[in-house]
Amino acid sequence: MTPPQSPGTDPGQIKKQHAARASLAMLRDDMILGVGTGSTVNAFIELLAREGWASRLQGVVSSSEGSSARLHALGTPVLDLNAVPDLPLYIDGADEATRARQLIKGGGAALTREKIIAAAADRFVCIIDDHKLVTTLGRFPLPVEVIPMARSYVARRLAALGGRPVWRQGITTDNGNHILDLHDLSITDPVAMESTINQITGVVTVGLFASRPADLLIVGTPTGVEFI
């Protein structure tokens, strides 16, 4: 029998750490940094503490209450985006990504805040491990944040697009909304699909980051990273 691996030797975690560590080279003293949500970002936050960056940043703008709590615990000031005149860099993960740097995000239910910070940032760097790199988006169910009273209506409209919407029950976003996960949808034109879903009344936002893709994709592999 193969002995269980410790968290430090888990292949998936090692790849996430490779991607997270590579992104540290983009940090600068006293900068204001946008920080996203998810397991790869958690590895990045751990490295901020381990490598001394937690105290070298002027502050961070966070996409979720979970990430904010982790950053607060490090002593890093968490800032309101409204109080930040300029955001030079945003680092976040993704649930899926293509080589065109178009993404599906929202597995952690923080897609709306993530999309806002990505739009506000001068540069958006996405860090993933290589199993999230795909040819066509849609293998991962596409999250859609919706106003609660519109959930059933939006689900019917999403079904008409060819997908199978499933309410992520028990989950309320940091904005007080619901999530519909759209399964079985092959997204051949991400920009058009993003626009179509965003125009459905009751949709807050969709977890397609296509009209504003990542500026750089850092892909963690078993032996290092690939930059796309």
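Scroll up to find the structure.
Residues numbered from 1 in each chain as written. Predicted model: local features only at pLDDT ≥ 70, side-chain atom pairs only at ≥ 80, totals over all residues. Heavy atoms only, no water.

A.B. asks: Before we move on, can you summarise the overall build of the chain with the specific residues and values?
C.D. replies: Scanning the chain from terminus to terminus reveals six helices and 13 strands. Since a compact globule built from 228 residues should have a radius of gyration of about 17 Å, the 17 Å found for the chain is in line with a globular shape. Dimensions along the principal axes, computed over C-alpha positions, put the chain at roughly 50 × 50 × 30 Å. For the chain, the proportion of its 228 residues judged to be buried stands at 51%. Considering only intrachain contacts with a sequence separation of at least 6, the fraction spanning at least 24 residues in the chain is 74%. Accessible area of the chain: about 10,300 Å², with a carbon and sulfur share of 52%. A gap of 4 Å separates the mean positions of the 21 positive and 23 negative side-chain charges of the chain. (Helix = DSSP H or I, 4+ residues; strand = E, 2+ residues; numbered from the N terminus. Rg over C-alpha atoms; globule rule 2.2 N^0.38 Å. Buried < 20%, exposed > 50% of the residue type's maximum accessible area, 1.4 Å probe, protein only. Contact = heavy atoms within 4.5 Å. Areas by Shrake-Rupley, 256 points an atom, 1.4 Å probe, with all protein chains shown as cover. Lys, Arg positive; Asp, Glu negative; His and termini not counted. Charge placed at Lys NZ, Arg CZ, Asp CG, Glu CD.)

A.B. asks: Please provide a residue-by-residue account of the sheet that holds strand β3 (residues 89-92), values included.
C.D. replies: Remark on secondary structure: sheet strands pair via backbone hydrogen bonds, oriented parallel or antiparallel. Judged by pairing direction, the sheet is mixed, and its six strands sit side by side in the order β2-β1-β3-β6-β12-β13 without closing on themselves. With one partner strand each, in any of the chains shown, β2 (59-62) and β13 (224-227) form the two edges of the open sheet. Pairwise comparison of adjacent strand axes, ignoring direction, gives a mean angle of 25° for this sheet. Two strands pair when backbone bridges link them, and strand β1 (residues 32-35) and β3 are joined in this way by three bridges, in the parallel orientation. Counted as the bridge partner of V35 is I91 from β3. Each of β1, β2, β3 and β6 (124-129) is contacted by helix α4 (residues 111-120), which is oriented at about 145° to β3, the strand it contacts most. (Pairing = 2+ DSSP bridges. Axes fitted to C-alpha atoms, helices over the stretch in contact; angles between N-to-C directions.)

A.B. asks: Residues and numbers for the packing of aromatic side chains, please.
C.D. replies: Counted under the stated rule, the structure contains two aromatic pairs. An aromatic cluster is built from Y90, F124 and F209, whose rings are joined through pairwise contacts. Directly above the ring of F209 sits K115, whose terminal nitrogen or CZ lies 5.0 Å from the centroid. (Phe/Tyr/Trp six-rings, centres within 6.5 Å; stacked < 30°, edge-to-face > 60°. Lys NZ or Arg CZ within 6 Å of the ring centre and 35° of its normal.)

A.B. asks: Just give me the short version of the sheet that holds strand β4 (residues 96-97), but keep the residues and values in it.
C.D. replies: With respect to topology, three strands assemble into an open sheet ordered β4-β5-β11, the strand pairing being antiparallel. Of all strands in the sheet, those with a lone pairing partner are β4 and β11 (208-209), marking the two edges. Across two bridges, β4 lies against strand β5 (residues 103-104) in antiparallel orientation. By the bridge assignment for β5, A97 is matched with L103.

A.B. asks: A description of the packing of helix α1 (residues 11-23) against helix α2 (residues 39-50) should follow, citing residues and the corresponding values.
C.D. replies: Contact geometry for α1 and α2: axes closest at 8 Å, N-to-C directions at 55°. As far as their axial angle goes, α2 and α1 are oblique. Seen along the crossing, α1 lies across α2 with a hand that is right-handed. Residues Q13, K16, Q17, A20, R21 and S23 of α1 touch α2, and the partners they reach there are S39, T40, A43, F44, L47 and R50. Counted by class, the contact of α1 with α2 contains four nonpolar, five polar and three charged residues. (Parallel < 35°, antiparallel > 145°, perpendicular 65-115°, else oblique. Left-handed = near helix turned anticlockwise from the far one by under 90°. Nonpolar A, V, L, I, M, F, W, Y, C, P; charged D, E, K, R; others polar.)

A.B. asks: Just give me the short version of the pairing of strand β9 (residues 178-183), but keep the residues and values in it.
C.D. replies: Along β9, five of the six residues are buried, which leaves the element largely enclosed by surrounding structure. As judged from the five bridges shared by strand β7 (residues 142-146) and β9, these two strands associate in the antiparallel manner. Bridge pairing links P143 to D181 in β9. Bridge count between strand β8 (residues 164-167) and β9: four bridges; the pairing is antiparallel. Residue P165 lies in a different strand from β9, and its bridge partner there is L182.

A.B. asks: Tell me about the nonpolar core, and please be specific about residues and values.
C.D. replies: Counting residues in each nonpolar core, the largest one holds 25 residues, and the members touching the most others are L27, L33 and F44. Looking at this core, the elements that each hand over two or more residues are α1, β1, α2, β3, β6 and β12 (216-221). Here the element with the most residues in this core is α2; it accounts for six residues. Once residues within four sequence positions are removed from consideration, L27 is found in contact with L33, F44, L48, W53, L89 and I91. Counting residues in hydrophobic clusters, the runner-up holds 20 residues, among them V134, V146, L158 and V206. (Core = buried A, V, L, I, M, F, W, Y, C linked by side-chain atoms within 4.5 Å.)

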